Amino acid sequence: MSTTTREWHLAARPHGEPTPADFRLVETELADPADGQVLVRTTAMSVDPYMRGRMNAGRSYAAAWELGEPMQGGAVGEVLQSRSDRVPVGSRVLHGLGWREHAVVDASQVVVLPELEGIPLTYHLGVLGMPGLTAWAGLFRLAEFHEGDAVFVSGAAGAVGSLVGQFARLRGASAVVGSAGTPEKVRWLTEELGFTAAFDYHDGPVRTSLAAAAPDGIDVFFDNVGGEHLEAAIGALRLHGRAALCGAISGYNTTEAPPGPRNMMLVVGQQLSLRGFIVGSHTDLRPEFQEAVAGWLRSGELVARETVVEGLDHAVTAFLDMLRGANTGKMVVRVGG
Ligand code: NDP
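In this text the structure is predicted, and so the values were computed from the model without any measurement.

1. Some words on the pattern of salt bridges
In step 1: Counting across every chain of the model gives 14 salt bridges.
In step 2: Salt-bridge contacts for D284 lead to R141; the nearest nitrogen and oxygen are separated by 2.7 Å. Placement of D284 in the loop between β13 (273-276) and α8 (286-299) and of R141 in helix α2 (residues 130-142) is noted, with a sequence separation of 143 residues between them.
In step 3: As a salt-bridge pair, E310 and R334 come within 2.7 Å of each other at their nearest N and O atoms. One end of the pair, E310, is in strand β14 (residues 306-310); the other, R334, is in strand β15 (residues 330-334), with 24 residues separating them in the sequence.

2. Description of the sheet that holds strand β9 (residues 175-180)
In step 1: Pairing is parallel across the open sheet formed by six strands, whose spatial order is β10-β9-β8-β11-β12-β13. Edge positions in the open sheet fall to β10 (197-200) and β13, since each of these has one partner strand only. Direction aside, the axes of adjacent strands within the sheet are offset by 15° on average.
In step 2: With five bridges joining them, strand β11 (residues 218-223) and strand β12 (residues 237-245) adopt parallel strand pairing. What sits directly across from F221, in β12, is A243.
In step 3: Where α2 meets the sheet, it contacts β8 (150-153), β11, β12 and β13, and its direction lies at approximately 150° from that of β11.
In step 4: Relative to β11, helix α6 (residues 228-236) is tilted by about 165°, and along the sheet it contacts β8, β9, β11, β12 and β13.

3. Observations concerning the side chain of S91
In step 1: Of note, S91 is situated in the loop between β4 (75-82) and β5 (92-95).
In step 2: Looking at S91, the relative accessible area reads 10%, which means it is buried.
In step 3: Within polar-contact distance, the side chain of S91 engages the backbone oxygen of P88 at 2.6 Å.
In step 4: Residue contacts for S91: discarding those within four places in its chain leaves G77, E78, V79 and V112.

4. Structural notes on the environment of D106
In step 1: Locating D106 in the fold gives a position in strand β6 (residues 102-106).
In step 2: C-alpha separation for the pair D106 and L39, spaced 67 residues apart in sequence, amounts to 9.0 Å.
In step 3: If sequence neighbours within four positions are ignored, D106 has contacts with G36 and Q37.
In step 4: Separated by 3.0 Å, the side chains of D106 and Q37 make a polar contact.

5. So, the packing of aromatic side chains
In step 1: All told, the structure shown has 14 aromatic pairs when counted by the stated rule.
In step 2: Summarising the aromatic geometry, the rings of F23 and F319 are spaced 6.1 Å apart at their centres and angled 80° between planes, so their arrangement reads as edge-to-face. One end of the pair, F23, is in strand β2 (residues 23-29); the other, F319, is in helix α9 (residues 315-324), with 296 residues separating them in the sequence. For the residue pair F23 and F319, the accessibility class agrees, reading buried in each case.
In step 3: Relative to F145, the ring of F140 has its centre 5.9 Å away and its plane inclined at 70°; by these criteria the two rings are edge-to-face.

6. So, the domain arrangement of the protein
In step 1: By domain assignment, the protein separates into domain 1 (4-126 + 305-334) and domain 2 (130-280).
In step 2: The interface of domain 1 with domain 2 comprises 19 residues on the first partner and 14 residues on the second.
In step 3: Carbon and sulfur atoms make up 63% of the surface buried where domain 1 meets domain 2, a total of about 1300 Å² over both sides.
In step 4: Scanning the region where domain 1 abuts domain 2 turns up zero salt bridges.
In step 5: Partitioned by chemical class, the residues of the side of domain 1 that touches domain 2 number six nonpolar, eight polar and five charged.

7. Description of the site of the ligand
In step 1: Taken together, 27 residues surround the ligand, and among them K185, Y201, Y252, V279 and N327 come closest.
In step 2: A distance of 2.8 Å separates an oxygen atom of the ligand from a polar atom in the backbone of A159.
In step 3: Within the side chain of Y201, a nitrogen or oxygen atom sits 2.4 Å from an oxygen atom of the ligand.
In step 4: In isolation the ligand exposes 910 Å². Once the protein is present, 91% of that is buried.
In step 5: Mapped onto the shell around the ligand, the elements with two or more residues apiece are α2, α3 (159-170) and α9.
In step 6: Taken together, the residues of the shell around the ligand sort by class into 17 nonpolar, nine polar and one charged.

8. Topic: the pairing of β10
In step 1: Judged by which residues are buried, β10 turns out to be covered on both faces: A197 and F199 on one side and A198 and D200 on the other are all buried.
In step 2: With respect to chirality, the unit in which β9 leads through helix α4 (residues 183-191) into the neighbouring parallel β10 is right-handed.

9. Details of α4
In step 1: Every buried residue of α4 is accounted for by K185, V186, W188 and L189. The buried side chains of α4 occupy one side of the element, clustering within an arc of 160° when seen end-on.
In step 2: Of the surrounding elements, those touching the buried residues of α4 are α3, β9 and β10.

10. Some words on the packing of α2 against α8
In step 1: Where α2 meets α8, the closest approach of the two axes is 10 Å, and the angle between their N-to-C directions is 105°. Of the possible angle classes, the one that applies to α2 and α8 is roughly perpendicular. Contacts between α2 and α8 pair G132, L133 and W136 from the former with R286, E288, F289, A292, V293 and W296 from the latter.
In step 2: Of the residues that constitute the contact of α2 with α8, the class distribution is six nonpolar, one polar and two charged.

Definitions and cut-offs
- Residues numbered from 1 in each chain as written.
- Predicted model: local features only at pLDDT ≥ 70, side-chain atom pairs only at ≥ 80, totals over all residues.
- Heavy atoms only, no water.
- Salt bridge = Lys/Arg side-chain N within 4 Å of Asp/Glu carboxyl O.
- Helix = DSSP H or I, 4+ residues; strand = E, 2+ residues; numbered from the N terminus.
- Pairing = 2+ DSSP bridges.
- Axes fitted to C-alpha atoms, helices over the stretch in contact; angles between N-to-C directions.
- Contact = heavy atoms within 4.5 Å.
- Buried < 20%, exposed > 50% of the residue type's maximum accessible area, 1.4 Å probe, protein only.
- Polar contact = N/O pair within 3.5 Å; in protein donor to acceptor, adjacent residues only side chain to side chain.
- Phe/Tyr/Trp six-rings, centres within 6.5 Å; stacked < 30°, edge-to-face > 60°.
- Domains from an automatic or database assignment.
- Buried area = accessible area lost by both parts, 1.4 Å probe.
- Nonpolar A, V, L, I, M, F, W, Y, C, P; charged D, E, K, R; others polar.
- Near = heavy atom within 4 Å.
- Areas by Shrake-Rupley, 256 points an atom, 1.4 Å probe, with all protein chains shown as cover.
- Right-handed = clockwise from strand over helix to strand, strands pointing away.
- Arc of directions from axis to C-beta.
- Parallel < 35°, antiparallel > 145°, perpendicular 65-115°, else oblique.

This is the structure:
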């Protein structure tokens, strides 16, 4: 086995949109695991919008990445060496030290993944992992979805959004409306995922497109985008409507604070609930979420699409492209065989 390995470091903190110059691919010595640790060969790693917040020095809900240090994120791989009884050599695992070919991880920070027939390992970075649980918690706990609700989800063709819409359909929504950034994504939502209606948010004011797609209004809004989408949804929510505020990606690369919704008085008049949340506070839902989703995957009722980029060298490109909308479903980077 090689005695060196490669990992991505944060080289600079961006102002506005990040560029490849903000990252550096570094070759380092491959360390041996200490007592209680394992050495994992990465097979795939995740790139996610929250990582944009980790590039900043300021407060985000996840800790800032350190300059000149390896970046972190979700990854799956195979255990090559183990100094823990709990995690045998050959185990397939999920852990939080992505962005590198090999990771030395405390065994306590590793989840040993079950061998599930027909379930690729990368699904633990998407549909069965953090994005899937985000969709589940936001829709069912925060927005208190129930059968018959009309649902609108922004960022609907992405990892989280595509699952929100499908979960709502599978649990008996009266309508599922989504917004996305290209005509191909819009077609995918209505033709393959069973959304009732979808629109490209570039085609005109979101308020107008949403009114055409959901003329009778909505009961639930799941927001991945913020800004204009949030204002439009507040305007469309019916009496006692509920919104789960999951993200606001339209503002992640802006240098000025994005404008807030100008129609907040409707929250009072319509007695709306707007609830922000972080998935890490809802891990108690993981067993019920994984059981339901594994069942829907087995029965073929749930579509779990991935956009796969090959090679650690292209991980930064994958991350930057994901922020610009190159992905449909979950963006993952395959690192090794
Ligand atoms: P996605 O797979 O949805 O990828 C990001 C997508 O954002 C892109 O594909 C792009 O799609 C869209 N996008 C980029 N810029 C804009 C813009 N200006 N306006 C509208 N859409 C834009 O990512 P995830 O599913 O992983 O994450 C979705 C959201 O959920 C993010 O806001 C993320 O921060 C949040 N999140 C929050 C969590 C929590 O605990 N609260 C946990 C996980 C995710 P398009 O082509 O449609 O523009």
